[in-house]
Amino acid sequence: MSEQLANTPSGAPLRGPRESIFDLGSPESSCVLGPALDVPEVDLSEALGGADRTESPQLPNVTELEIMRHYAHLAEMNFGVDSGFYPLGSCTMKYNPRINEDAARFDGFAGLHPYQPVDTVQGALELMVGLSESLAEISGLPGVTLQPAAGAHGELTALMCFRAAHTANGDPRKKVVIPDTAHGTNPASVKMCGYETVTIPSGDDGLVDLDALKAVLDEDVAAFMLTNPNTVGLFDPQILEITEAVHAVGAFAYCDGANLNAVLGVTRPGDQGFDALHINLHKTFSTPHGGGGPGAGPVCVTAPLAQFLPGPIPFRQSNGTFGLNTPEGSIGRVRSFYGNFGVLVRAYAYVRALGPDGLAEVAHQAVLSANYLKEKLKGSFDLPYDRVCMHEFVLSGGRQKREHGVRTLDMAKRLLDYGFHPPTVYFPLLVDEALMIEPTETEPIAALDAFADALIAIAEESSADPDLVKGAPYTTPVRRLDEARAAREPVLRWTPPA
Amino acid sequence: MSEQLANTPSGAPLRGPRESIFDLGSPESSCVLGPALDVPEVDLSEALGGADRTESPQLPNVTELEIMRHYAHLAEMNFGVDSGFYPLGSCTMKYNPRINEDAARFDGFAGLHPYQPVDTVQGALELMVGLSESLAEISGLPGVTLQPAAGAHGELTALMCFRAAHTANGDPRKKVVIPDTAHGTNPASVKMCGYETVTIPSGDDGLVDLDALKAVLDEDVAAFMLTNPNTVGLFDPQILEITEAVHAVGAFAYCDGANLNAVLGVTRPGDQGFDALHINLHKTFSTPHGGGGPGAGPVCVTAPLAQFLPGPIPFRQSNGTFGLNTPEGSIGRVRSFYGNFGVLVRAYAYVRALGPDGLAEVAHQAVLSANYLKEKLKGSFDLPYDRVCMHEFVLSGGRQKREHGVRTLDMAKRLLDYGFHPPTVYFPLLVDEALMIEPTETEPIAALDAFADALIAIAEESSADPDLVKGAPYTTPVRRLDEARAAREPVLRWTPPA
Amino acid sequence: MRYIPVTCEQREAMLRAVGVERVEELFADVPEKALLNRPLELPAGMSEIDLARHLKSLSGANIPASWIVNFAGAGVYDHHVPSVVDHVLRKPEFFTAYTPYQPEVSQGTLQAIFEYQSMICALTGMDVANASMYDGATAFVEAALMACRVTKRQKVLVAGSVHPEWIEVMYTYAEAGHVDVEVIDFDGGRLDPTQVADAMDASVAAVLVASPNFVGVLEDLDALGKIAHGEGALFVVAANPIMLGIMEPPSTFGADIVVGEGQPLGNAMSFGGPGLGFFACRQKNVRQMPGRLVGQTVDADGQKAYVLTLSTREQHIRREKATSNICSNHALNALAAGAYLAAVGSVGLSEIARACVAKARYLRDRLIETGKFAAPWEDPFGYEFALTYKGDADEMHARMFERGFFAGIILSVEDEHDMILFAVTEKRTREEMDAFAEEVAAL
Amino acid sequence: MRYIPVTCEQREAMLRAVGVERVEELFADVPEKALLNRPLELPAGMSEIDLARHLKSLSGANIPASWIVNFAGAGVYDHHVPSVVDHVLRKPEFFTAYTPYQPEVSQGTLQAIFEYQSMICALTGMDVANASMYDGATAFVEAALMACRVTKRQKVLVAGSVHPEWIEVMYTYAEAGHVDVEVIDFDGGRLDPTQVADAMDASVAAVLVASPNFVGVLEDLDALGKIAHGEGALFVVAANPIMLGIMEPPSTFGADIVVGEGQPLGNAMSFGGPGLGFFACRQKNVRQMPGRLVGQTVDADGQKAYVLTLSTREQHIRREKATSNICSNHALNALAAGAYLAAVGSVGLSEIARACVAKARYLRDRLIETGKFAAPWEDPFGYEFALTYKGDADEMHARMFERGFFAGIILSVEDEHDMILFAVTEKRTREEMDAFAEEVAAL
Ligand SMILES: Cc1ncc(COP(=O)(O)O)c(C=O)c1O
Ligand SMILES: Cc1ncc(COP(=O)(O)O)c(C=O)c1O
């Protein structure tokens, strides 16, 4: 069979690398032209003060058919939640409801200009207020901004509020503490906000080492940032002591809410003592990841911090209509306009679809599914933290590396041959050869079982035929990539053939 | 590599047969439930006079995620125009413009009920009148009905009009003549209309044998049906003599318009002497085939025949508004309501997008592309009619069968491995081992060249390694099917595992 | 030029390869007299921007029933279409494909249709369902024609309570073909089985009824089926597929063929088309069935696979001896129906049907309460019912439309007894119905 | 339950497999005091039908600018989105995927982004473009931060003619970080290069300008670039991507970084978000660039393939030493931009831009003709321009909105000199502009 395969030119139904769109078409064609010009032509050079183009930009020139085929082929080479199980830890790859996609495209939402008179966008503002109120209730933190464009942007926004609060108190501070399990965006946001990062090691149990934390907490610490449930999938049982200790030195407790899915309707960051939280709507609230965004990272804060939030903030006026308002002590804008509105529409639809019972059930099922999968897999892999997990858990490929020289990366690639997206790998850094598995609540039990079977089979392959695993994947549109070459000799744009 | 492939369970990115949707999910789940009931419940048994269900129907019970994944996988196993070159002769597989898809979904079209007051559907009627007027101009036949749901339905409708006209003249007739190149729907429609089919052999040139035609024409002949350009891709140069001969015996000349794409804006069936024509909007006018419909088969007729058309027909009133009207002598309805309106919207958008110049260019390019491909291929295959062709041409795999025992079907299947949809095969019946190739005007020259190269390569494979070709396809989601078994032991529905 | 990728230079090169100078030479076979020799008299082509504006303005010149409070049915129903359905239909691999003649690259369409066939069987209780017909009306006629083939008889009895357009279509086909149609009188409510029995004899190929019938009433299928079978005729039942979620399948009453309009299953109203004719029958008559059929088989590697089958019934093989002339059918609408039924499942379908039935009763009661409407009969019904209106129905209808209500369909206008047909789907709310009743009362 | 496929029985089985009796036991780590122990106070969940109705009613409570005659711009433009763009975006393999961390099954996203990067390079004349930033404003700020890293300086000069919201964002970030911002005074029309030159010294990391600027005027990039480079600062230009179809690329004037808001490239206005920050720079500074980058390489079989690269700049590797904290970006908006640019091509983009420019001039002339408007300056502009209004702009604006015209954006209200900013895209017709001018004249 392989000769015939080899024999076969890459036609449409074969999945494999495609021509660049620049290599299609021909200089003349263009499928969308401007309208017939119904006003006098202008002399461009004159109109633009001589800044008109001398050479036309090198864009593809193709017809619609070529475009649709091109992207059809590209899509075929992609794996999304709709393609199969996608247990990418920390990313909450749940189903993206289609009605949300439809709603975001309603003319009455997608066709709004941000500077329309406020009385012509009452529905949009009502939606934003409704979402803010829901997020406040879910988080237990009453002040909400919907502006941040993603989780990292939310982190930065919250840190800016902390800075403003301390500054307003005449008590500016220098440092932000994070555990070694923190996501990379945490220290990067700390740095962008002009603070210094202090990293504390986690305990052997993967949780915050309270003593280590207390040891670094002082009057120069602006905040402690914690993902809770944390990035090894554990809810920190000392959370109240932790936030208390942070508050004791006048610092703020920040919750990275990437893992909020685990605790919706069960426990609220506000009730855990956190002062601020960002929520990844593109994780917990089912908005699609889009191959890397757009997401949205609303920030919820305590009442005293609300005055520092970026503006403008939509609010409900006493007469029942809606307006926009910037808080007194606002840090200012963190982006243009009001937030990733199209994403907010989707998240709002999700919250309304599920309601209080549905949201709690999301958390229950997400946690149950993760524990179910953990039980199935713990016989075949090292399990660094052998206890009840939240919505995700971390395995280690240490045994396979030690005994057969098969690395976690190899097993992840081999999973592709089995038709599954791999878990997050090598994060958190704390765990050797980490495999971070988050099934989400939207997967049928059959998918969980099939995935567990595949991973167990790969563990067996790793001992029976390690080279098989190390050479994976075999069945994907492209095989393993030369990433070193990409970085060494970067080719970052198409150039015409010489 | 093949072992690893064999080793690999069929996960998502692998294209291959999928579970039935009935095998997914679980009895309880249902993703779309009714609304919360805001009126009193009723007792079903009472309400339905005891005819309520005792056992619930065996439908799949799945969540949205499972539905979207299921159909994503099914779609991946399908080949459409968006997947690649689709030179299926007689089917005009041209690009389906996306704006037409959007327009058909506008609430102002898709949300119309057929019995709305006429003054609330003026836009819809205007569109239908605009399309009718355009088709009348394009065909040269002023009477138009948009009702027929497909080409075959249009044939039947036209034949019914002929019957009505002859009956009205007190001259009922019994027979309809067709050439042996006719599409199967022609004789089937003849039969459904209560006529007897008389088939005449074509000349060696693939065209109507005028003498043979004249020999069967008599006062009992109601009509002669001809596809022009015909199904071997030739325009019949004696067309005026043909239609004249038909008229001479008081019969009607019917044009099967499946091949209208070739002559748009160049010559009109009305000017060729035809009395009636059906148009496949899903061919010439770019509406998508939908995997087998819905299409639309409007019928255009001469002024005298217009009185027999099925009603209601949208028309332009003297005050500029639009109404619906049934002609005096109408044969009656041939379906419910007014036609496949959603399809008509798409066709209308297409006509308006192209305009007169664009439509003529469609014909020019379709014919040029077919001739270009024919020139490339004629060295490698038998070409039964070696002359300028219209929008399609027919090759014969006779040489390959004689010399290497490779049949046209084998070569068609082998084309799948090369990433192309095969041409129409074994039609028309007249040509031994026929391959009927219709490239359409929307294909880039690169696609034509690649297809020609593939077919030539297959011709070479047929002599170098006939078994390779006979075993094809190798790379498709499933291999060649046991069609005999399907017919011998028909399994026509899913049944629960025993 | 729009949608044509070939550039001027490429065109020149192609002309050279073909050996002509001008493309017109390729049309030498067209007799001079038949050449158009002028541009078509059509409006000039439009850019996409202009076209989009034009289409928006045409669609804006309509008031879609789906936007207002819609109580119109009569064959086309305003049900909720679950969001997933359109997302499935928009997959170009489905909608840009032709009829699945090459099964190796058409498993998507084939499996989807096979699943659709299975669902229609589940709903109707029949053994086999075809891949689709154009609409309910043509499916109904094809059922009559099939019954004639099966029984080798030529006369059919059609219930007068069937949709009047369907009866018209039956007459049109009968005129052209070889079926004799007798329509059983109907003057509202339920068909009288004794009238059918009276018309019955051994020349009858089939008795064709609809339940719910045109005025929403459920027929006495048990009695009617027995009458048909008593004389060796087939019993053909036209059903509403939503109601099949809660009604006994017609198979229970001996139906031999079940047809219907499948539009309610996830298809837009779309001004009445494209709809979906579903068609199902008993296994023993499958070879007389019209239309495409997908069957399950195996491929060369023994894997399960699907293929168009029993095509010796069809026109492309059997030509004038085919069971029908149908070729293109309504595959994409069948795909929608399949996705719809998968989305609602048996639980959802029954909830939806129950909601329709409950709401229809609510509206009926509210309207009668106003004193302006009266019930012409008390037969069991589904989610559609007729009431007489004590006043000028045309005027009421027009005035209510202005207020945003589509007040059903006026069936007949007769002094103080105008009859109106109301349909109530699960989309209607109590609030809307209350408002309607109040506004009508206040007229 | 919506979106959750696990049934009660399955849940029981899972609980048994996990070894607990109730799911609540799995939350034993949550301290009692932190448990919510009550349902969230939120509206009850809704069926899809009810949800669809609710969302329709919310969206119906807005009057979308896209439905009326819209002359508003100021950072978000009402361009035509070719139909293919949304059809590309709706492919679930694109929109339901995460960031392409596993290149073997993410070639679709990766190649699409690589092509987008290439197109942005083509438009801007830069060597490298990243995979996207959140919006124009944050891209603008990131450019300032990058310039500081490249030059190891801390002060930036920002043209006062830049979008005021962008300047606000710059200040917000500056407050928290380590950039000193000096905004060059601007009182309409074109920035005065001598003012920039006066503010310039060797401590300046970058001069940041926009052209067209906030009031639509084209800046003297040649002069400004020279001033920046004269002191070793980087020259950062914010551009409108549609105008880049007909304007000399900023590279011609020595730009080191080009950023902008990519919304006009096939993205809906969507109340201002999600937009698309595009970001491009010279090859030599690529390692100081923020954001994701896709590069081309080969796979184990030597086939061309794409992968995220140079990630040692990024937070997940470099943590606090990263060039930015950005992680999720606006990949799908970049996909839209790529599909848009492929759909229009260089010919179409230039036609569209020319149409905008011509129409903007037409409207400007018509409005001035009415005698109610005056031109505050005569500098060259793109398709956006400011006029002063001799009357009460607020009142005029409100009255025109009622008539279906979005009469631009009021910049300042000053006795008889209210200033209004008008944008005219290719969607506007002469008819609409004439009607607007007439109706304003008649007020
Ligand atoms: C724990 C954690 N924090 C923060 C982020 C950053 O979120 P975003 O990508 O939305 O900026 C992520 C995203 O992966 C995360 O997993
Ligand atoms: C020549 C010819 N006539 C008639 C038809 C029937 O058209 P439809 O499938 O629309 O009924 C076809 C379709 O393939 C055809 O090719």
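The rules behind each value
- Residues numbered from 1 in each chain as written.
- Chains lettered and ligands numbered in written order.
- Predicted model: local features only at pLDDT ≥ 70, side-chain atom pairs only at ≥ 80, totals over all residues.
- Heavy atoms only, no water.
- Helix = DSSP H or I, 4+ residues; strand = E, 2+ residues; numbered from the N terminus.
- Rg over C-alpha atoms; globule rule 2.2 N^0.38 Å.
- Buried < 20%, exposed > 50% of the residue type's maximum accessible area, 1.4 Å probe, protein only.
- Contact = heavy atoms within 4.5 Å.
- Pairing = 2+ DSSP bridges.
- Axes fitted to C-alpha atoms, helices over the stretch in contact; angles between N-to-C directions.
- Near = heavy atom within 4 Å.
- Polar contact = N/O pair within 3.5 Å; in protein donor to acceptor, adjacent residues only side chain to side chain.
- Nonpolar A, V, L, I, M, F, W, Y, C, P; charged D, E, K, R; others polar.
- Areas by Shrake-Rupley, 256 points an atom, 1.4 Å probe, with all protein chains shown as cover.
- Buried area = accessible area lost by both parts, 1.4 Å probe.
- Salt bridge = Lys/Arg side-chain N within 4 Å of Asp/Glu carboxyl O.
- Expected span 1.5 Å × (residues − 1).
- Phe/Tyr/Trp six-rings, centres within 6.5 Å; stacked < 30°, edge-to-face > 60°.
- Left-handed = near helix turned anticlockwise from the far one by under 90°.
- pLDDT = per-residue confidence, 0-100.

## Brief notes about the overall build of chain A
Next up, step 1: On a plain count of helices and strands, chain A comes out with 17 helices and twelve strands.
Next up, step 2: Relative to a compact globule of 498 residues, whose C-alpha radius of gyration would be 23 Å, chain A shows 26 Å and is just as compact.
Next up, step 3: If one aligns the C-alpha atoms of chain A with their principal axes, the spans along those axes are about 75 × 70 × 45 Å.
Next up, step 4: For chain A, the residues scored as buried account for 72% of the 498 residues in total.
Next up, step 5: Taking all contacts inside chain A whose residues are at least 6 apart in sequence as the whole, residues at least 24 apart take part in 70%.

## Description of the sheet that holds strand β6 (residues 276-278) of chain B
Residues and elements named next belong to chain B.
Next up, step 1: Taken together, the seven strands give an open sheet; going across it, the order is β1-β7-β6-β5-β4-β2-β3, and neighbouring strands pair in mixed fashion. Of all the strands in the sheet, the pair left with one neighbour each is β1 (143-145) and β3 (196-200). This sheet shows a mean twist of 20 degrees between the axes of neighbouring strands, independent of strand direction.
Next up, step 2: Bridge count between strand β4 (residues 221-227) and strand β5 (residues 252-256): five bridges; the pairing is parallel. Note that in β5 the partner of M225 across the bridge is Y254.

## Re the site of ligand 2
Next up, step 1: Close to ligand 2 lie 15 residues, the nearest being S90, G151, D256, H282 and K283 of chain B.
Next up, step 2: Per-site note: the chains with residues close to ligand 2 are chains B and C.
Next up, step 3: A distance of 3.4 Å is found between an oxygen atom of ligand 2 and a side-chain nitrogen or oxygen belonging to H183 of chain B.
Next up, step 4: Taken together, the residues that form the shell around ligand 2 break down as five nonpolar, seven polar and three charged.

## Looking at the site of ligand 1
Next up, step 1: Inspection of the region around ligand 1 gives 15 residues, with S90, G151, D256 and K283 of chain A together with S328 of chain D positioned closest.
Next up, step 2: Around ligand 1, the nearby residues trace back to chains A and D.
Next up, step 3: One nitrogen or oxygen atom from the main chain of G151 of chain A is found 2.6 Å from an oxygen atom belonging to ligand 1.
Next up, step 4: In the model, an oxygen atom of ligand 1 is placed 3.4 Å from a nitrogen or oxygen of the H183 of chain A side chain.
Next up, step 5: Computed on the free molecule, ligand 1 has an accessible area of 390 Å², of which 99% lies beneath the protein chains in the complex.
Next up, step 6: Per-element tally for the shell around ligand 1: the top contributor is helix α7 (residues 151-168) of chain A, with three residues.
Next up, step 7: Broken down by class, the residue content of the shell around ligand 1 amounts to five nonpolar, seven polar and three charged.

## A short note on the interface of chain C and chain B
Next up, step 1: Opposite the 186 residues of chain C that make contact, chain B presents 197 residues.
Next up, step 2: Between chain C and chain B, a total of about 16500 Å² is buried, with carbon and sulfur atoms accounting for 64% of that surface.
Next up, step 3: Applying the counting rule to chain C against chain B returns eleven salt bridges.
Next up, step 4: The salt bridge partner of R354 of chain C is E41 of chain B, with a shortest N-O separation of 3.9 Å.

## Quick look at helix α7 (residues 164-176) of chain D
Note: α-helices contain 3.6 residues per turn, so residues at a spacing of three or four share the same orientation.
Next up, step 1: Its 13 residues place the ends of α7 of chain D 19 Å apart at the C-alpha level, agreeing with the 18 Å of an ideal helix rising 1.5 Å per residue.
Next up, step 2: Within α7 of chain D, the full set of buried residues consists of E165, W166, I167, V169, M170, T172, Y173, A174 and A176 of chain D.

## Digging into the environment of R316 of chain B
All names here are of chain B.
Next up, step 1: With respect to the helices, strands and loops of the structure, R316 is situated in strand β8 (residues 313-316).
Next up, step 2: Residue R316 is classed as partly exposed on the basis of its relative accessible area, which comes to 45%.
Next up, step 3: Considering only alpha carbons, one finds R316 and Q272, 44 residues apart in sequence, at a separation of 28 Å.
Next up, step 4: Here R316 is in contact with V129, E133, T321 and F322, once residues within four sequence places are set aside.
Next up, step 5: In this structure the side chain of R316 is engaged in a polar contact, spanning 3.0 Å, whose partner is the side chain of E133.

## Regarding the packing of aromatic side chains
We describe a pair of aromatic rings using the distance from one ring centre to the other and the angle between the two ring planes.
Next up, step 1: Here the structure, examined in full by the defined rule, presents 58 aromatic pairs over all chains.
Next up, step 2: Both rings, one in F162 of chain B and one in F252 of chain B, keep their centres 4.7 Å apart while their planes meet at 15 degrees; by these two values the pair is stacked. With a gap of 90 residues between them, F162 of chain B in helix α7 (residues 151-168) and F252 of chain B in strand β5 connect regions that are remote in the sequence.
Next up, step 3: Classification of F252 of chain B by relative accessible area gives buried; the value is 15%.
Next up, step 4: Measuring from centroid to centroid gives 5.0 Å for F373 of chain C and Y389 of chain C, while their planes differ by 50 degrees, and the two rings are tilted. Taken together, the residues span a long stretch of sequence, with F373 of chain C in strand β11 (residues 373-374) and Y389 of chain C in strand β12 (residues 384-389) at a distance of 16 residues.

## Focus: the interface of chain A and chain C
Next up, step 1: Listed as interface residues are 18 residues of chain A and, on the opposing side, 16 residues of chain C.
Next up, step 2: Across the interface of chain A and chain C, roughly 1300 Å² is buried in total on both sides, 56% from carbon and sulfur atoms.
Next up, step 3: The interface formed by chain A and chain C includes one salt bridge.
Next up, step 4: Residues K56 of chain C and D107 of chain A are paired through a salt bridge, measuring 4.0 Å at the closest nitrogen-oxygen approach.
Next up, step 5: Inspection of the region where chain A meets chain C yields two residue pairs in polar contact (both at pLDDT 80 or more).
Next up, step 6: Looking at the side of chain A that touches chain C, the elements with two or more residues in it are α3 (64-76) and α4 (98-104) of chain A.
Next up, step 7: Considering each element in turn, the side of chain A that touches chain C owes the most residues, four residues, to α4 of chain A.
Next up, step 8: For the side of chain A that touches chain C, a count of residues per class yields seven nonpolar, four polar and seven charged.

## Here we look at the pattern of salt bridges
Next up, step 1: A full pass over the atoms with the stated rule returns 106 salt bridges over all chains.
Next up, step 2: The closest approach of N and O atoms between E137 of chain B and R38 of chain C, which form a salt bridge, is 2.7 Å. Of this pair, E137 of chain B sits in helix α6 (residues 122-139) while R38 of chain C is found in the loop between α1 (8-18) and α2 (48-60), placing the two residues in two different chains.
Next up, step 3: Residue D29 of chain C pairs with R387 of chain B through a salt bridge whose shortest N-O separation is 2.8 Å. Here R387 of chain B lies in the loop between α12 (341-377) and β10 (393-396) and D29 of chain C lies in the loop between α1 and α2, a pairing that spans two chains.
Next up, step 4: Residues joined by salt bridges that share partners form a network here, namely E101, R105 and R346 of chain A together with D86 and R90 of chain D.

## Re the side chain of D410 of chain A
Residues and elements named next belong to chain A.
Next up, step 1: With respect to the element layout, D410 can be found in helix α14 (residues 408-417).
Next up, step 2: By relative accessible area, D410 is classed as buried at 8%.
Next up, step 3: Ignoring anything within four residues of it in the chain, the contact list for D410 reads G405, V469, K470, A472 and R480.

## Here we look at the side chain of N100 of chain B
Residue and element names in this part refer to chain B.
Next up, step 1: Relative to the elements of secondary structure, N100 occurs in helix α4 (residues 98-104).
Next up, step 2: In this structure the side chain of N100 is engaged in a polar contact, spanning 3.3 Å, whose partner is the backbone oxygen of R346.
Next up, step 3: The contact partners of N100, leaving out residues within four places of it in the chain, are S286, R346, A349 and Y350.

## A short note on the packing of α7 of chain A against α7 of chain D
Next up, step 1: For the pair α7 of chain A and α7 of chain D, the least separation of the axes is 10 Å and the interaxial angle reads 65 degrees. The interaxial crossing formed by α7 of chain A with α7 of chain D has left-handed handedness. Seen from α7 of chain A, the contacting residues are H153, L156, M160 and R163 of chain A; seen from α7 of chain D, they are T172, Y173, E175 and A176 of chain D.
Next up, step 2: Tallied by class, the residues present in the contact of α7 of chain A with α7 of chain D amount to four nonpolar, two polar and two charged.

## Quick look at the sheet that holds strand β12 (residues 434-437) of chain B
Residue and element names in this part refer to chain B.
Next up, step 1: Strand order in the open sheet formed by three strands is β10-β12-β11, and the pairing between neighbours is antiparallel. The open sheet has two free edges, formed respectively by β10 and β11 (424-425), since each of these has just one partner strand.
Next up, step 2: Note that β10 and β12 share four bridges and pair antiparallel. Its bridge partner lying in β12, F393 is registered against I437.
Next up, step 3: Against the sheet, α12 engages β10 and β12, with an angle of about 15 degrees to β10.

## Overview of helix α15 (residues 445-464) of chain B
Next up, step 1: Taking 1.5 Å as the rise per residue, α15 of chain B with 20 residues should run 28 Å; its terminal C-alpha atoms sit 28 Å apart, in good agreement.
Next up, step 2: Those residues of α15 of chain B not exposed but buried are I445, A447, L448, F451, A452, A454, L455, I458, A459, E461 and S462 of chain B.

## Things to note about the confidence of the model for chain A
Next up, step 1: Taken over all residues, the pLDDT of chain A has a mean of 94, while the share at 70 or more is 95%.
Next up, step 2: Contacts from residues 1-14 of chain A, a stretch scored under 50 in pLDDT, to residues over four places away or in other chains number 36 contacts.

## Overview of unusual backbone geometry
All names here are of chain A.
Next up, step 1: Between A472 and P473 the backbone carries a cis peptide bond, its omega angle lying at -5 degrees.
Next up, step 2: Relative to the elements of secondary structure, P473 occurs in the loop between α16 (466-470) and α17 (483-488).
Next up, step 3: A positive phi angle, near 50 degrees, is found at T92, a position not held by glycine.
Next up, step 4: Its place among the elements puts T92 in the loop between α3 and α4.

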